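# Coordinate inspection notes
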2 protein chains.
Amino acid sequence: MDAIEPGHIAVIFVSRRTGADAEGYAEAAAAMDEAVRAAPGYLGHDSVGSDDGGITISYWRDMESVAAWREEITHAATRERGRAHWYDWYRLVVATVDRTREWTQDKG
Amino acid sequence: MDAIEPGHIAVIFVSRRTGADAEGYAEAAAAMDEAVRAAPGYLGHDSVGSDDGGITISYWRDMESVAAWREEITHAATRERGRAHWYDWYRLVVATVDRTREWTQDKG
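Our focus in this paragraph is the overall build of chain A. Of the regular secondary structure elements, chain A holds 3 helices and 4 strands. Taking the principal axes of its C-alpha atoms as reference, chain A extends roughly 45 × 35 × 20 Å. When the 108 residues of chain A are sorted by exposure, 41% land in the buried category. Taking the intrachain contacts of chain A between residues at least 6 apart in sequence as the baseline, contacts between residues at least 24 apart amount to 75%. Of the roughly 5800 Å² that chain A leaves accessible, carbon and sulfur atoms contribute 50%. In chain A, which carries 12 positive and 19 negative side-chain charges, the distance between the mean positions of the two groups comes to 5 Å.

Below you can see the structure in the form of structure tokens.
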């Protein structure tokens, strides 16, 4: 993960999954993961998930990078499949970073 | 959850838990949950977690509400216990909402 700084963009994706057959969810998630790593301005992500749903926050250099990723072809196609097959509900929040703190336990 | 609008604040908390004895984690989480619901400007939260860690995003009316919650006594005390007992690592990101979208599967 690249350092997250004020002015960077956080894209918060909160989802609830359908109980239905995942229909290629794992493969699509892996393909998305590969595609996003190549996306200009992508800094990294935090993600926690389960079969019921999850939260992924991706971090971006600027709003232009977010807009370009929105149009990227793998992402656009996967988004359609997500709405058709995988998700009951989602919330998307795009926010500009004001400040950030990272803390690590001192093992000493 | 109250509606999240542009200008509201998202506080992203990403954590990794210690493997150690949880030492009252569940009780403290319940007390925090009760305290935050009474906090002025609190709009709601999204949370996904496991024994290994999790992501919680709380949403706030404005930065003043976030600052007041930071000083709230249950929160401050619990934060100290978290660093002492429960967490190996965490990241805190405070960000101002630019836009939001909520989507629900049409069951019709």
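What follows concerns the nonpolar core. One finds Ile 12, Ile 57 and Tyr 59 of chain A together with Ile 12, Ile 57 and Tyr 59 of chain B to be the most contacted residues of the largest nonpolar core, which totals 24 residues. Mapped onto this core, the elements with two or more residues apiece are strand 1 (9–17), strand 2 (42–50), strand 3 (53–60) and strand 4 (87–104) of chain A together with strand 1 (9–17), strand 2 (42–50), strand 3 (53–60) and strand 4 (87–104) of chain B.

Residue and element names in this part refer to chain B. Residue placement: Thr 18 occurs in the loop between strand 1 and helix 1 (25–37). Since its relative accessible area comes to 17%, Thr 18 is described here as buried. One polar contact links the side chain of Thr 18 to the main-chain carbonyl oxygen of His 85, over a distance of 3.2 Å. Residues within four places of Thr 18 in sequence aside, it is in contact with His 85, Trp 86, Tyr 87 and Asp 88.

Under the counting rule described, the total for this entry stands at 10 salt bridges over all chains. For the salt bridge of Asp 33 of chain A with Arg 37 of chain A, the shortest nitrogen-to-oxygen distance reads 3.1 Å. A residue pair is termed a helical-turn pair when its members lie 3 or 4 positions apart in one helix, as Asp 33 of chain A and Arg 37 of chain A do in helix 1 (residues 25–37) at 4 residues. Asp 33 of chain A gets classed as partly exposed once you look at its relative accessible area, which sits at 27%. For Arg 37 of chain A, a relative accessible area of 54% translates into the label exposed. In this structure, Asp 62 of chain A and Arg 61 of chain A form a salt bridge, with 3.6 Å as the shortest nitrogen-oxygen distance. Given a relative accessible area of 45%, Arg 61 of chain A falls into the partly exposed group. Through salt bridges with shared partners, a single ionic network connects Asp 46 and Glu 102 of chain A together with Arg 91 of chain B.

A few words on the interface of chain A and chain B. If you look at the interface, chain A gives 38 residues, while chain B gives 38 residues. Summed over both partners, the interface of chain A with chain B buries about 3500 Å², with 53% contributed by carbon and sulfur atoms. Looking at the side of chain A facing chain B, the largest losses of area belong to Arg 91, Arg 99 and Trp 103 of chain A, adding up to 20% of the total buried there. Here chain A and chain B share 4 salt bridges between them. There are 25 residue pairs in polar contact (both at pLDDT 80 or more) connecting chain A and chain B.

Glancing now at the relation of the copies chain A and chain B. After a rotation of 180° and a shift along the axis of 0.0 Å, chain A superposes on chain B with an RMSD of 0.0 Å. A rotation of that kind, with that shift, is consistent with a two-fold axis.

Taking strand neighbours across the sheet as the criterion, the 8 strands line up as 2(A)-3(A)-1(A)-4(A)-4(B)-1(B)-3(B)-2(B) in an open arrangement whose pairing is antiparallel. A single partner strand is all that each edge strand has here, and the edge strands are strand 2 of chain A together with strand 2 of chain B. Geometrically, the sheet is characterised by an average inter-axis angle of 25° between neighbouring strands, direction not taken into account. Direction of pairing for strand 1 of chain B relative to strand 3 of chain B: antiparallel, over a ladder of 8 bridges. The residue of strand 3 of chain B that forms the bridge with Ala 10 of chain B is Tyr 59 of chain B.

Rules of the game
Residue numbers restart at each chain and count upward from 1, following the sequence in its written direction. Going through the entries in the order they are written, you letter the chains from A and number the ligands from 1. Under the rules for a predicted model, residues below a pLDDT of 70 receive no local features and side-chain atom pairs below 80 are neither given nor counted, while totals for whole chains, interfaces and linings still include all residues. Think of the side-chain values as coming from all heavy atoms in the structure, minus any hydrogens and water. Each helix is a run of H or I in the DSSP string that is no shorter than four residues. Each strand is a run of E no shorter than two, and both are numbered from the N terminus. For every residue, the accessible area obtained with a 1.4 Å probe (protein chains only) is divided by the maximum for its type, and the residue is called buried under 20%, exposed over 50%, and partly exposed between those limits. Should any heavy atoms of two residues lie within 4.5 Å, those residues are considered in contact. All accessibility values rest on the Shrake-Rupley procedure with a 1.4 Å probe; residue burial counts only the protein chains present in the view. Counted charges follow a simple rule, with Lys and Arg positive, Asp and Glu negative, and His plus the chain ends left uncounted. Charge coordinates come from a single atom per side chain, which is NZ of Lys, CZ of Arg, CG of Asp or CD of Glu. Nonpolar cores are built from buried Ala, Val, Leu, Ile, Met, Phe, Trp, Tyr and Cys residues. Side-chain atoms within 4.5 Å join them into one set. N or O atoms within 3.5 Å of each other form a polar contact, as long as, within protein, one can give a hydrogen and the other can take it, and as long as residues adjacent in sequence are counted only when both atoms are side-chain atoms. Should a side-chain nitrogen of Lys or Arg be within 4 Å of a carboxyl oxygen of Asp or Glu, the pair is scored as a salt bridge. Once two parts are brought into contact, the accessible area they lose, counted with a 1.4 Å probe and summed over both, makes up the buried area. Copy-to-copy alignment: least squares on C-alpha atoms, limited to residues at pLDDT 70 or above in both. By definition, two strands form a pair when at least two bridges between them are found by DSSP. Fitting a line to C-alpha atoms yields each axis, with helices limited to the stretch in contact; the angle taken between N-to-C directions then spans 0 to 180 degrees.

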